[in-house]
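Summary of the model geometry
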Amino acid sequence: MVVLSSSRHALWRCVFSLLLLVHSAVAYSVISDDTLRALPRPGDDFDIHTGKLLSPILIPRVPGTPGSTAVLNHFNDFFQTSLPDWKIEFQNSTSKTPVSGDKEVPFVNFIAYRDPPWASKGDVGRLTLVAHYDSKYSPEGFIGAIDSAAPCAMIMHAMRSIDAALTKKWTEMGARGHSNLDLDEHTGIQVLFLDGEEAFQTWTDTDSLYGARSLAETWEDSYHPVMSNFKTELSSITLFVLLDLLGAKSPTIRSHFPTTHWAYQNMGKLENRLRELGELRSAPPHEEKAKRNEIRWLVDVEASERHVTSRGGISDDHLPFMHRGVEILHLIDFNSGSGFPKVWHTMEDTGENLDGPTVEDWSMLVTAFAAEWMELDGFFETTPSARSADLHSRKTEL
Ligand SMILES: [Zn+2]
């Protein structure tokens, strides 16, 4: 009897794992135009001087310095206050750096996640949104607004924007009762704000990605209970969406990996739809319709998967995860002609040089993508008229 039930259980798990595999390739449900129009906008929260989300990050935040601690506190306060259903963790490590001599520098990764309330931790696969929050050691006073203060704020806004819809959806699902076989019941969401991405001196394998290397290594060895759907914390990441160097005008975002091109295309379709609906503030005015239609951030949206070659050339926080088999969607502004945005790694990378409408539009795009991934259509408050007026009355605020 025991043997039979456990083998049946094992078989069941096996079927479930197979379903999960299929699921991870197709987990996605398109949201309606009404929902797209109704997604909350960041408004004043992205003001570079007083904005609740962005302005506290626009300070030097070199690992191990008071600026770094202040930004960590900002993340912590935000999640505790605005997103109380999220769990928060910190992952700590230390390392010597080329400029610290024998001194160990502390690195602290900030982790926040929300899972369906009925699910065990090891059974949940999480959409994982990632940006680094540290800033460069030199030049002194470097801010790193696109690199990556603004991406952190975009992710914060996106998570705040979907949170109520997530609660509504999970409350309804809970009330309905669940079968344990509905795959949607095992989808969670996670944010990683990583420390120590920047090199202290010159970029090498050991002087860079301090936080990401430590987290990927730790999570690879963090096992879930034996019968869990996912083996380790690392394998619980169903997609690692890395935002970096975003916030400059007219970005070029390539598709870097054939295996996640489908996710890239879903985001590209959302960009196109937001454009067509007139929901992007960075777009040229309506009168210049021809120009509007020419602009694409996700330039490879029409390309077929076969033409996406792995452009392994851009080293970033995804590498230690990718090398361990995690699927990556890398959203980084890089143009094969002009390279990274021109303020990159200069003292010009400041809040003042961010393109406000572009920062806001990115936050809307990330929100929409997360809403589709979490299958939240129908769970948002839709008050399109109020929001549309809001969009057009605030043209000059940022
Ligand atoms: Zn950088």
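The structure this text deals with has already been given above.
In what follows, the accompanying structure is described. (Residues numbered from 1 in each chain as written. Predicted model: local features only at pLDDT ≥ 70, side-chain atom pairs only at ≥ 80, totals over all residues. Heavy atoms only, no water.)

1. Describing the overall build of the chain
- Looking only at helices and strands, the chain has ten helices and six strands in total.
- Relative to its full complement of 398 residues, the chain shows a buried share of 55%.
- If you take every contact in the chain between residues at least 6 apart in sequence, the share linking residues at least 24 apart comes to 78%. (Helix = DSSP H or I, 4+ residues; strand = E, 2+ residues; numbered from the N terminus. Buried < 20%, exposed > 50% of the residue type's maximum accessible area, 1.4 Å probe, protein only. Contact = heavy atoms within 4.5 Å.)

2. Some details on the coordination of the zinc ion
- The zinc ion binds to the protein through Asp-147 (OD), Asp-147 (OD), Glu-198 (OE), Glu-198 (OE) and His-345 (NE2); the donor distances cover 2.0 to 2.8 Å.
- Each donor residue of the zinc ion belongs to the same chain, with the gaps between them written as D-x50-E-x146-H. Linking Asp-147 in helix α4 (residues 145-176) with Glu-198 in the loop between β4 (187-194) and α5 (210-220), this pair joins segments that are 51 residues apart in sequence.
- What makes Glu-198 buried here is its relative accessible area of 3%. (Donors = N, O, S within 2.8 Å, 3.2 Å for Na, K, Ca; no water.)

3. Quick notes on helix α3 (residues 66-82)
- For α3, which comprises 17 residues, the first-to-last C-alpha distance of 24 Å matches the rise-based estimate of 24 Å (1.5 Å per residue) to within 8%.
- On the buried face of α3, the contacting elements are β1 (87-96), β2 (104-114), α4 and β4. (Expected span 1.5 Å × (residues − 1).)

4. Topic: empty space enclosed by the protein
- A full pass over the atoms with the stated rule returns one cavity of 30 Å³ or more.
- Taken as a whole, the largest cavity holds about 40 Å³ of empty space.
- Every residue along the wall of the largest cavity is listed here: Arg-254, Ser-255, His-256, Phe-257, Thr-260, His-261, Tyr-264, Leu-329 and His-330.
- Elements supplying a minimum of two residues to the lining of the largest cavity: α6 (261-276) and β6 (328-332). (1 Å grid on protein atoms, 1.4 Å probe; cavity = no way out; pocket = protein on both sides within 12 Å on 5 of 7 lines; lining within 4 Å. Points joined across faces, edges and corners; volume = space filled by probe spheres on them.)

5. Focus: the packing of α3 against α4
- For the pair α3 and α4, the least separation of the axes is 11 Å and the interaxial angle reads 10°. In terms of orientation, α3 and α4 fall into the roughly parallel class. Between α3 and α4, the residues in contact are His-74, Phe-75 and Phe-78 and Cys-152, Met-156 and Arg-160, respectively.
- Residue composition of the contact of α3 with α4, grouped by class: four nonpolar, one polar and one charged. (Axes fitted to C-alpha atoms, helices over the stretch in contact; angles between N-to-C directions. Parallel < 35°, antiparallel > 145°, perpendicular 65-115°, else oblique. Nonpolar A, V, L, I, M, F, W, Y, C, P; charged D, E, K, R; others polar.)

6. Points about the packing of aromatic side chains
- Here the structure, examined in full by the defined rule, presents 18 aromatic pairs.
- Plain terms: the ring middles of Phe-107 and Phe-200 are 6.3 Å apart, the flat faces sit at 75° to each other, and that makes the pair edge-to-face. Placement of Phe-107 in strand β2 and of Phe-200 in the loop between β4 and α5 is noted, with a sequence separation of 93 residues between them.
- The class for Phe-200 is buried, based on a relative accessible area of 7%.
- Ring pairing ties together the aromatic residues Phe-75, Phe-78, Phe-79, Trp-86, Phe-90, Phe-110, Tyr-133 and Phe-193, which thus form one cluster.
- A cation over a ring is seen here: Arg-126 above Tyr-113, with NZ or CZ 4.2 Å from the ring centre.
- Taking NZ or CZ as reference, Arg-213 lies 5.2 Å from the ring centre of Tyr-210, over its face. (Phe/Tyr/Trp six-rings, centres within 6.5 Å; stacked < 30°, edge-to-face > 60°. Lys NZ or Arg CZ within 6 Å of the ring centre and 35° of its normal.)

7. Considering the environment of Ala-149
- Relative to the elements of secondary structure, Ala-149 occurs in helix α4.
- With 93 residues separating them along the chain, Ala-149 and Pro-56 place their C-alpha atoms 9.1 Å apart.
- Among residues more than four places away in sequence, those in contact with Ala-149 are Leu-54, Ile-57, Leu-58, Arg-61 and Gly-144.

8. With respect to the pairing of β2
- With respect to burial, β2 is a largely interior element, nine of its eleven residues being buried.
- Both β1 and β2 contribute to a ladder of ten bridges, which runs antiparallel. Paired with Asn-92 across the bridge in β2 is Val-108.
- Pairing of β2 with β4 involves five bridges; the strand directions are antiparallel. The partner of Tyr-113 across the bridge, within β4, is Gln-190. (Pairing = 2+ DSSP bridges.)

9. Observations concerning the environment of Ser-55
- For Ser-55, the position within the fold is in the loop between α2 (33-38) and α3.
- The buried category is assigned to Ser-55, whose relative accessible area is 15%.
- Taking the C-alpha atoms as reference, Ser-55 lies 9.2 Å from Ala-150; in sequence the two are 95 residues apart.
- When sequence neighbours within four positions are dropped, the list of residues in contact with Ser-55 reads Asp-47, Ile-48, His-49 and Thr-50.

10. Structural notes on the pattern of salt bridges
- Considering all chains together, one arrives at 17 salt bridges under this definition.
- Here Arg-126 makes a salt bridge to Asp-115, at a shortest N to O gap of 2.7 Å. With Arg-126 in strand β3 (residues 125-132) and Asp-115 in the loop between β2 and β3, the pair connects residues that are eleven residues apart, well separated along the chain. As far as the burial class goes, Arg-126 and Asp-115 line up, both buried.
- In this structure, Glu-271 and Arg-275 form a salt bridge, with 2.6 Å as the shortest nitrogen-oxygen distance. In this pair, Glu-271 and Arg-275 are both assigned in helix α6, four residues apart and thus about one turn of the helix distant. (Salt bridge = Lys/Arg side-chain N within 4 Å of Asp/Glu carboxyl O.)

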